[in-house]
Amino acid sequence: MRENIWKYVSAVLVLLLAVSSVAVVLLYMQASELKSYTPSNVTPVVVETSLNSTCNETSYLLQIDELQRQVEFLKAQLRELNRPEGNTTIAVVPIFGLIDDYTALQVVPLLRKVAENDSIGGVVLWIESPGGYIGPVREIYSTVKKLNLIKPVVAYTGGIAASGGYYIAVAAEKIVADPLAEVGSIGVIYVHYDLQKNYEMNGIKVDVFKTGPYKDMGAEWRGLSDDEREMIADSIDTYFQAFLQVVSDGRGMPLNETRLYATGRTWFAMNVTGSLVDETGDIDRAIAVLSEELNVTKPRVVIYGGEGASNFGIFGSTALLLDPRYVNAYLKP
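Residues numbered from 1 in each chain as written. Predicted model: local features only at pLDDT ≥ 70, side-chain atom pairs only at ≥ 80, totals over all residues. Heavy atoms only, no water.

1. Quick notes on the overall build of the chain
At step 1: Across its full length, the chain holds nine helices and twelve strands.
At step 2: Across the 333 residues that make up the chain, the buried fraction comes to 43%.
At step 3: Counting contacts in the chain only where the partners sit at least 6 residues apart, residues at least 24 apart contribute 79% of the total.
At step 4: Summed over all atoms, the accessible surface of the chain reaches about 18,300 Å², with 54% contributed by carbon and sulfur. (Helix = DSSP H or I, 4+ residues; strand = E, 2+ residues; numbered from the N terminus. Buried < 20%, exposed > 50% of the residue type's maximum accessible area, 1.4 Å probe, protein only. Contact = heavy atoms within 4.5 Å. Areas by Shrake-Rupley, 256 points an atom, 1.4 Å probe, with all protein chains shown as cover.)

Shown next, in the form of structure tokens:
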């Protein structure tokens, strides 16, 4: 059975890669259109639209639709192979607090064990987090995405699933949230320390030996040059486009609709039901939604206790998937 499962997993991952590739092409086409946009206060220029361009976009959309249907078919086969015999267990896996390497080190192995446990039918991912570092967030997201191919995952938040916390949530099959839980904060923030004047005031001189002009880019002992600012802006935009794509894919929303929610702010779940979340309710409702997905009435529910929180801190110039309201509290003194 395991061999058949991984054959399906491989096939699904190949299809997901194909979907992503086609989506990137569409995103590039849309970006090209934005670059050619002419503001209203500029003399208009008549531009003839190529029929081939429209046909190509339609073709890509049809490819995405076909690939997504194949993914759903294979996902259904995987879940059928992994359906527990007899009593079904639902695992509640918490992701609490700010997300860093330590969080990923705890959560990823746990989710992998859950995936291999034949008695567990599905997972409620209980998220209470304003986000964190990009790398750990993406690692947990990837693991949840793979788990959801094998066993259904429902994400739940009772208080906050913002930025990186929401990034992880969209990997689930459905999102249930307390009506007053804060969700969203779709965006990226970059924190840079410029302590050059502070160093000078305290008589601290820094000698730097480097192999290239950008080797100490982002270092706290100096400010950023104009070209470094442009490079960082490009990096942040790349992370942002990836964030938009995962939300668009996870929530089944067109990119243009996703951008409407990508202002960096959070919303009460009750105000974005049907878009950023599927429905409102408490943890019991999330378990009930998953039970309905598994077609069971009285599942055994096991809550996995997490380890103690790490000493989260922002110790250098870095990009973050973190709600901006939480940045100041974690800046190093």
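2. Here's the deal with the sheet that holds strand 9 (residues 266–268)
At step 1: On the basis of which strands lie adjacent, the open sheet formed by three strands has the order 5-7-9 and mixed pairing. Bordering the open sheet on either side are strand 5 (160–162) and strand 9, each of which pairs with just one other strand. Neighbouring strand axes in the sheet, compared pairwise and without regard to direction, differ in orientation by 30 degrees on average.
At step 2: As paired strands, strand 5 and strand 7 (residues 182–184) are joined by three bridges and run parallel to one another. Across the sheet, residue Ile160 finds its bridge partner in strand 7, namely Glu182. (Pairing = 2+ DSSP bridges. Axes fitted to C-alpha atoms, helices over the stretch in contact; angles between N-to-C directions.)

3. Considerations on the nonpolar core
At step 1: Grouped together as the largest cluster of nonpolar side chains are 54 residues, with contacts concentrated most on Leu125, Ile140, Tyr166, Ile168 and Leu276.
At step 2: Excluding its chain neighbours within four sequence positions, the residues that come into contact with Ile168 are Ile95, Ile99, Leu125, Ile127, Val137, Ile140, Tyr141 and Val144.
At step 3: Grouped together as the second largest cluster of nonpolar side chains are twelve residues, Ile90, Tyr156, Ile283 and Ala286 included. (Core = buried A, V, L, I, M, F, W, Y, C linked by side-chain atoms within 4.5 Å.)

4. Focus: the pairing of strand 12 (residues 318–322)
Across a regular strand the side chains alternate sides, sitting on one face of the sheet and then on the other.
At step 1: Of all five residues in strand 12, five are buried; the element is thus mostly enclosed.
At step 2: Alternating positions in strand 12 separate into two faces, Thr318, Leu320 and Leu322 on one and Ala319 and Leu321 on the other, with burial throughout.
At step 3: Relative to strand 12, strand 8 (residues 189–191) runs antiparallel, the two being bridged by three bridges. Counterpart to Ile189 in the pairing with strand 12 is Leu320.

5. A closer look at helix 3 (residues 101–116)
At step 1: In this model helix 3 runs 23 Å from its N-terminal to its C-terminal C-alpha over 16 residues, within 8% of the 22 Å that 1.5 Å per residue would give.
At step 2: Listed in full, the buried residues belonging to helix 3 are Thr103, Ala104, Val107, Val108, Leu111, Val114 and Ala115. The buried residues of helix 3 occupy one face: seen down the axis, they fall within an arc of 125 degrees. Turned more than 90 degrees off the buried face of helix 3, the exposed positions are Leu105, Lys113 and Glu116.
At step 3: Looking at where helix 3 begins, the residue whose side-chain oxygen comes 3.1 Å from the main-chain nitrogen of Tyr102 is Asp100. (Expected span 1.5 Å × (residues − 1). Arc of directions from axis to C-beta. Polar contact = N/O pair within 3.5 Å; in protein donor to acceptor, adjacent residues only side chain to side chain.)

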